[in-house]
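# Survey of secondary and tertiary structure
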Amino acid sequence: MTKGLYTILLLIVSNSFMTMAWYGHLKFGIDKMLPKWGLFGVIIISWLIAFFEYCAQVPANRLGFQGNGGPFSLMQLKIIQEVITLVVFVLFNAFLFKNGGLKWNHAMAALCMVFAVYFVFKK
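Right, let's walk through the structure included here.

### Observations regarding the pattern of salt bridges
Counted according to the given criterion, the structure contains one salt bridge. Salt-bridge contacts for K78 lead to E82; the nearest nitrogen and oxygen are separated by 2.7 Å. One end of the pair is K78 and the other is E82, both in helix α4 (residues 74–97) and four residues apart, which spans about a single turn. Take K78: its relative accessible area is 43%, and that puts it in the partly exposed class.

Right, here's the structure in full:
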């Protein structure tokens, strides 16, 4: 169970960095800090942030994968990662962008993800 918990914690860290790398520049105006670099500067900064994503993502997958003694199949790892990605994104969106909150269709999509987790873990 410990490997499973460490895997999930590393995936949360990884997805936090990933969300910041992919969407942080939209909020924090990175392109305005490096006006001469333009889009190229934003890409470089995003890659630098994404480096830390990979520093957590790769160990999470290695630790959690059944083939390496972990508790999760490859499919289970992917579904867990996708659910964590959506949860992190929803929190990022709600707290940093304050973008109108969740609507009914967002709740239904989240429910579909819950079903995906249920079915991928069903024997």
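### Describing the environment of H106
Mapped onto the elements of the fold, H106 is located in helix α5 (residues 104–121). Looking at H106, the relative accessible area reads 35%, which means it is partly exposed. Separated by 65 residues in the primary sequence, H106 and G41 have C-alpha atoms spaced 33 Å apart.

### Regarding the packing of aromatic side chains
In this structure the tally under the stated criterion is seven aromatic pairs. Note on F51 and F52: the rings are 5.3 Å apart at their centroids and 80 degrees apart in plane angle, and the pair reads as edge-to-face. Feature note: the residues F17, F51 and F52 constitute an aromatic cluster, connected by ring pairs.

### Topic: the nonpolar core
Grouped together as the largest cluster of nonpolar side chains are seven residues: L11, A60, F72, L77, I80, I84 and V88. At four residues, the largest contribution of residues to this core is made by α4.

### Describing the packing of helix α1 (residues 2–28) against α4
Geometrically, a packed helix pair is captured by the angle between its two axes and the distance between the axes. Where α1 meets α4, the closest approach of the two axes is 9 Å, and the angle between their N-to-C directions is 45 degrees. Judged by the inter-axis angle, α1 sits oblique to α4. For the pair α1 and α4, the sense of crossing is right-handed.

Calculation notes
Residues numbered from 1 in each chain as written. Predicted model: local features only at pLDDT ≥ 70, side-chain atom pairs only at ≥ 80, totals over all residues. Heavy atoms only, no water. Salt bridge = Lys/Arg side-chain N within 4 Å of Asp/Glu carboxyl O. Helix = DSSP H or I, 4+ residues; strand = E, 2+ residues; numbered from the N terminus. Buried < 20%, exposed > 50% of the residue type's maximum accessible area, 1.4 Å probe, protein only. Phe/Tyr/Trp six-rings, centres within 6.5 Å; stacked < 30°, edge-to-face > 60°. Core = buried A, V, L, I, M, F, W, Y, C linked by side-chain atoms within 4.5 Å. Axes fitted to C-alpha atoms, helices over the stretch in contact; angles between N-to-C directions. Parallel < 35°, antiparallel > 145°, perpendicular 65-115°, else oblique. Left-handed = near helix turned anticlockwise from the far one by under 90°.

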